[in-house]
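The lines below spell out each chain.
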Amino acid sequence: MSSRGVYRAIFSVLFDDLDYQRLSPAARLTLLTLRQCREAGPAAIFLYTWEALGRQTGLTRVQLVRSFHDLEEGRWIVHEAPVVWIRNGLRYDPWIAISNPKHRAAVIDALERLPRLHIVRSFCDHYKISYPWAWLSDTHGQSVSSDK
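Parameters and conventions
- Residues numbered from 1 in each chain as written.
- Predicted model: local features only at pLDDT ≥ 70, side-chain atom pairs only at ≥ 80, totals over all residues.
- Heavy atoms only, no water.
- Helix = DSSP H or I, 4+ residues; strand = E, 2+ residues; numbered from the N terminus.
- Buried < 20%, exposed > 50% of the residue type's maximum accessible area, 1.4 Å probe, protein only.
- Phe/Tyr/Trp six-rings, centres within 6.5 Å; stacked < 30°, edge-to-face > 60°.

Turning next to unusual backbone geometry. Note that the residue after Ala81, namely Pro82, is joined by a cis bond; omega there is 5°. With a phi close to 65°, Ala44 is a non-glycine residue in the positive phi region. Among the structural elements, Ala44 can be located in the loop between α2 (25-36) and β1 (45-47). A relative accessible area of 1% places Ala44 in the buried class. Located in the positive-phi region is Arg75, a residue other than glycine, with phi close to 65°. By secondary structure assignment, the location of Arg75 is in the loop between α4 (61-73) and β2 (77-80).

With that settled, consider the packing of aromatic side chains. A full pass over the atoms with the stated rule returns eight aromatic pairs. Ring centres 5.9 Å apart and planes at 75° place the aromatic pair Tyr7 and Trp95 in the edge-to-face group. On the criterion of sequence distance, the pair formed by Tyr7 in the segment before α1 (18-22) and Trp95 in the loop between β3 (83-86) and α5 (101-112) is long-range, its members being 88 residues apart. Per residue, the accessibility class of Tyr7 equals that of Trp95, and both read exposed. With centroids separated by 4.8 Å and ring planes inclined at 55°, the aromatic side chains of Phe123 and Tyr127 adopt a geometry described as tilted. Taken together, the residues span about one helical turn, with Phe123 and Tyr127 both in helix α6 (residues 118-127) at a distance of four residues.

Structure (structure tokens):
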């Protein structure tokens, strides 16, 4: 590897968190891989593929699907294929602050590259930022204004 990639940090208390300790070893590995992988970008919401996650973790697709289920059940992630969001990944990132205009611009830029899915809207609502597109489709296929 010629490039070291992006430096990412996580708080060490994660490993002592009782909810984290209740996760299976495969779910722990999946969560850490999702949080640390190059695709995660500045916002911790990104496109994923089972194939890439399989290569990165060494887990089978069945193990990954089970891990995703456990992580969703524990409210660690939200996923709407092909997008996964590490809930609070941005909130607890010591290097990215949504209040910083340059960081906010990088987050919005990352969001604009994602498919127009409900998960992106939920992310924006969670962090109280404007939607990256002029419109989003709701679950009934009707156009929804991004104005609040």
